[in-house]
Amino acid sequence: MRTAAFAGLLACALTAGSFASPAFAAETEGAWLKLKTPVSTDHFIQDGSVWRCKADVCTATKVRALPVARACRKLAGQLGELSAFNYRGEPLEDAAIAECNTAAKPKS
C-alpha cells in the first residue's frame, strides 16, 4: 500500500512539474519593455522575434539570447526611450536603462 501511495505522489509531482515548466521557460525566454511614449504599431519584428505592443508596453514570448544591455540598445534605437526593460528574466535597473537610452542608435 505504501508503494502505491508513493507512486501516486510521485506521479502528481511529475505532472505538476510538467505544467510549471512552460511558465518558467516563457519567463526566461521572453521579454517585455515599457516605453516613455506609446508606440504607434501593434507589433514589430526585431532579431526574428515578434513583439506585440499595446500603448506603451511591448512583449515577446521568445527572444534571442543576447546580453541584456545590447538587446536594450537595439530596441531603444528602434522604438525610442524605454522606461522599464526585462529580457529573458533579467530586469534592468533605472541607471542601466538610462545608459541604454543614451547609447541607443537613433531611429532610422
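Residue positions are given per chain, counted from 1 along the sequence in the order it is written. Given that this is a predicted model, residues contribute local features only at a pLDDT of at least 70 and side-chain atom pairs are listed and counted only at 80 or more, while totals for whole chains, interfaces and linings are drawn from all residues. Working from all heavy atoms in the structure, the side-chain values ignore hydrogens and water.

Caption draft 1: Focus on the overall build of the protein chain. Each helix is a run of DSSP H or I of at least 4 residues and each strand a run of E of at least 2, with the numbering of both proceeding from the N terminus. Per the secondary structure count, the protein chain includes three helices and six strands. Mapped in sequence order, the helices and strands of the protein chain form the string α-β-β-β-β-α-β-β-α. Buried residues are those whose accessible area, probed at 1.4 Å on protein chains only, stays under 20% of the maximum for their type, while exposed residues exceed 50% and partly exposed ones sit between those limits. The 108 residues of the protein chain split such that 31% are buried. In what follows, a contact means two residues having at least one pair of non-hydrogen atoms within 4.5 Å. Sequence-distant contacts in the protein chain: of pairs separated by 6 or more residues, those separated by 24 or more amount to 55%. The method behind every accessible area is Shrake-Rupley, applied with a 1.4 Å probe, and residues are considered shielded solely by the protein chains displayed. Carbon together with sulfur atoms contributes 60% to the accessible area of the protein chain, which is approximately 7200 Å² in total.

Caption draft 2: Highlighting the sheet that holds strand 6 (residues 90-91). Strands are treated as partners if at least two bridges between them are detected by DSSP. Within the open sheet, the six strands sit side by side as 2-3-4-1-5-6. Their pairing is antiparallel. Among the strands making up the open sheet, the edge pair consists of strand 2 (43-46) and strand 6. Summarising the sheet, strand 5 (residues 82-87) and strand 6 pair through two bridges and their orientation is antiparallel. Pairing of Asn86 across the sheet is with Pro91, part of strand 6.

Caption draft 3: Structural view of the state of the cysteines. The term disulfide is used for any two cysteine sulfur atoms that are within 2.5 Å. Across all of its chains, the model carries two disulfides by this definition. Here Cys53 engages in a disulfide with Cys58; their sulfurs sit 2.1 Å apart. Across the disulfide from Cys53 to Cys58, rotation about the S-S bond amounts to roughly 110 degrees, and the bridge is consequently right-handed. The exposure classification of Cys53 matches that of Cys58, with both residues buried. The side chain of Cys72 participates in a disulfide bridge whose partner is Cys100; the two sulfur atoms lie 2.0 Å from each other. Between Cys72 and Cys100 the sulfur-sulfur dihedral comes to about -100 degrees; the bridge is accordingly left-handed. Of this pair, Cys72 sits in helix 2 (residues 68-79) while Cys100 sits in helix 3 (residues 94-103), and the two are 28 residues apart along the sequence. Here Cys72 falls in the buried class, since its relative accessible area comes to 0%. With cysteine numbering restricted to those in disulfides and following the sequence, the protein chain has the pairing 1-2, 3-4.

Caption draft 4: Region of interest: the packing of aromatic side chains. Each pair of aromatic rings taken from Phe, Tyr and Trp, with Trp reduced to its six-membered ring, is defined by centres within 6.5 Å and is described as stacked if the planes are under 30 degrees apart, edge-to-face if over 60, and tilted in the remaining cases. Scanning the entire structure with this criterion turns up two aromatic pairs. Geometrically, the ring pair formed by Phe44 and Trp51 is stacked, given 5.9 Å between the ring centres and 5 degrees between the ring planes. The same class applies to Phe44 as to Trp51, namely buried. With a centroid separation of 5.7 Å and an interplanar angle of 20 degrees, the aromatic rings of Phe85 and Tyr87 are classed as stacked. Just as Phe85 is buried, Tyr87 falls in that class too.

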